[in-house]
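Structural overview for review
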Amino acid sequence: MACAIALASKAQWTVLNTGVTYSLYTVYFTDANTGWAGGDGGTLIKTVNGGATWTVQPTGTLERISSIYFLNANKGFAVGSSGTILATLDGGSTWASQASGVLWGLSKVQFTDAMNGCIVGDASTVFHTTDGGSSWSQVQGGMGVYLEGLDFATNSVGFAVGEIGVVLKTTNGGASWATVPMGMGTHFQDIHFTDPNTGYLIGRTDTLFRTTDGGNSWDFVPTGAPPGHSLIALTFTSPSTGFIVGNGGVVLHTTDAGATWEPLANPMSNTNVSFFSLSFPTANTGYIAGQYGQVIKTDNGGTIGIEQQERMAPLQLFPNPVAAGHAVTLLHEAFGPVLVQVRDMRGSLVLKTRLRSGERTLGTGGFPEGAYVVEVRSEQGVRQQQLIVY
């Protein structure tokens, strides 16, 4: 067994000693104390005391475990590489292999109720069950795209997302799926809905989109994550409070339903350790899993930092709105040169420029009318603000 290592009494995140060194790609908790994590080499570990100790569970496979989902404390499923599907009826003490009929990777498993669930994976594969996972039928495949994320807005309406901007939608609980035109080539990693209308879609290179109409349209949202970082997994603990994790130890937090995001300090912030999965069984208790067997935990909703990050005043733009072709003054606290990037609401880069120390003016020549996100990056941090051009 492995035990936890507390960093500090006021730490927002505690590093847990899982006793394994394989990367962990999935973590799932049924309550604040009971949970599982899985990863490379068929690794699957369980805790019943909030991560204080972990026990290795035999899976009978050396394939990567990519996703875990439990219907209750005893019945659960795990999926992974080479078409792996595992099922347990005793909380993971024993796992039985289920035939998938495919040899490629499976990335995510989720249920909408005790009987109905789906699995997604490579080659645009979707499996569907209506008997609680006793059997699985392949209902989608053949597109050659790796599907990474899966979530249901309702018991009937769900979305699967993946490479080259592919988004699939079901309106019958997963029995059939249709492609949703997105008009972008982003590699999507995960999707999450907080209600039938409000959802979030994340991907590589700091990509976040938000919908408020059930996925009919999506708007780009700036996150403030370091440049080039991929956003890999997200969840919400309430309609307003959510978390995103990604590579390089990125943990982002929102308290305003995803309108703005703030990076959180954590033990892995200054390392190259990537985070792949997160699970919040309660509003305050959360777990994040990543490379090299790392799992970190918060008991206070992740809101009290190990080290208080230096805060900058919000970026201000004047005038805003601005007439097309006119200059905008950037009001910020950054010292020295800054990198300015402007993106439209689909996330496309419109302008990228460096301003010398003391420069504060940004031209809008060539900007069509519409809304944009202006981002200022400096050694002091990152600040973003919406700009309206008319």
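A few points on the structure. These numbers come from a predicted model, not from an experiment. (Residues numbered from 1 in each chain as written. Predicted model: local features only at pLDDT ≥ 70, side-chain atom pairs only at ≥ 80, totals over all residues. Heavy atoms only, no water.)

1. Side note on the overall build of the protein
Each helix and strand counted, the protein has 0 helices and 36 strands in total. The 390 residues of the protein split such that 55% are buried. Taking contacts inside the protein between residues at least 6 apart in sequence as the whole, the part at least 24 apart equals 44%. A total accessible area of about 16100 Å² is found for the protein, and carbon and sulfur atoms account for 50% of it. (Helix = DSSP H or I, 4+ residues; strand = E, 2+ residues; numbered from the N terminus. Buried < 20%, exposed > 50% of the residue type's maximum accessible area, 1.4 Å probe, protein only. Contact = heavy atoms within 4.5 Å. Areas by Shrake-Rupley, 256 points an atom, 1.4 Å probe, with all protein chains shown as cover.)

2. Points about the layout of surface pockets
In this structure, the second largest pocket spans a volume of roughly 1100 Å³. In terms of lining residues, the second largest pocket is bounded by 47 residues, among which Ser 67, Lys 108, Asp 190, Ala 233 and Ser 277 are the most central. Of all the elements in the fold, those that place two or more residues in the lining of the second largest pocket are strand 3 (24–29), strand 7 (65–70), strand 11 (106–111), strand 15 (147–152), strand 19 (188–193), strand 23 (231–236) and strand 27 (275–279). Its residues assigned to classes, the lining of the second largest pocket shows 21 nonpolar, 20 polar and 6 charged. (1 Å grid on protein atoms, 1.4 Å probe; cavity = no way out; pocket = protein on both sides within 12 Å on 5 of 7 lines; lining within 4 Å. Points joined across faces, edges and corners; volume = space filled by probe spheres on them. Nonpolar A, V, L, I, M, F, W, Y, C, P; charged D, E, K, R; others polar.)

3. A few points about the environment of Gly 35
Within the secondary structure layout, Gly 35 lies in strand 4 (residues 35–39). Of the residues examined, Gly 35 reaches a relative accessible area of 0% and is grouped as buried. As a C-alpha pair, Gly 35 and Ile 68 span 33 residues in sequence and 9.8 Å in three-dimensional space. Sequence-distant contacts of Gly 35, defined by excluding residues within four places in its chain, comprise Tyr 28, Phe 29, Ile 45, Lys 46, Thr 47 and Trp 54.

4. A short note on the sheet that holds strand 19
Strand order in the open sheet formed by 4 strands is 19-20-21-22, with antiparallel pairing between adjacent strands. Whereas interior strands pair on both sides, the edge strands pair on one side only; in this sheet they are strand 19 and strand 22 (219–220). (Pairing = 2+ DSSP bridges.)

5. Thoughts on the pairing of strand 29 (residues 295–298)
In strand 29, alternate side chains face the same way, and those of Val 295 and Lys 297 on one face and Ile 296 and Thr 298 on the other are all buried. One ladder, built from 3 bridges, connects strand 2 (residues 14–16) with strand 29; its direction is antiparallel. Paired with Val 15 across the two strands is Ile 296, which belongs to strand 29. Relative to strand 29, strand 28 (residues 286–290) runs antiparallel, the two being bridged by 4 bridges. If you follow Tyr 287 over to strand 29, its bridge partner there is Lys 297. The hairpin formed by strand 28 and strand 29 contains 4 residues between the paired strands, and Tyr 292 there has a positive phi angle of roughly 60°.

6. Some details on the pairing of strand 31 (residues 327–331)
Side chains of strand 31 alternate between two faces, with Val 328 and Leu 330 buried and Ala 327, Thr 329 and Leu 331 left unburied. Where strand 30 (residues 316–318) and strand 31 come together, 3 bridges link them in antiparallel fashion. Across the sheet, residue Phe 318 finds its bridge partner in strand 31, namely Thr 329. Inspection of the sheet shows strand 31 paired to strand 34 (residues 361–363) by 3 bridges, in the antiparallel sense. Note on strand 34: the bridge partner recorded for Ala 327 is Gly 363.

7. Concerning the side chain of Thr 235
Following the sequence through the fold, Thr 235 ends up in strand 23. Looking at Thr 235, the relative accessible area reads 15%, which means it is buried. For Thr 235, the residues in contact, after removing those within four places along its chain, are His 192, Gly 242, Phe 243, Leu 278 and Phe 280.

8. As for unusual backbone geometry
Cis peptide bonds are those with omega within 30 degrees of zero, and the linkage from Phe 318 to Pro 319 qualifies with -5°. Locating Pro 319 in the fold gives a position in the loop between strand 30 and strand 31. Looking along the chain, the bond that leaves Asn 320 and enters Pro 321 is cis, with omega of 10°. Examined against the element boundaries, Pro 321 turns out to sit in the loop between strand 30 and strand 31. Not every positive phi belongs to a glycine, and Thr 205 is a case in point at roughly 50°. Mapped onto the elements, Thr 205 comes out in the loop between strand 20 (199–203) and strand 21 (207–211). The class of Thr 205 is exposed, set by a relative accessible area of 52%. Phi is positive for Tyr 292, close to 60°, though the residue is something other than glycine.

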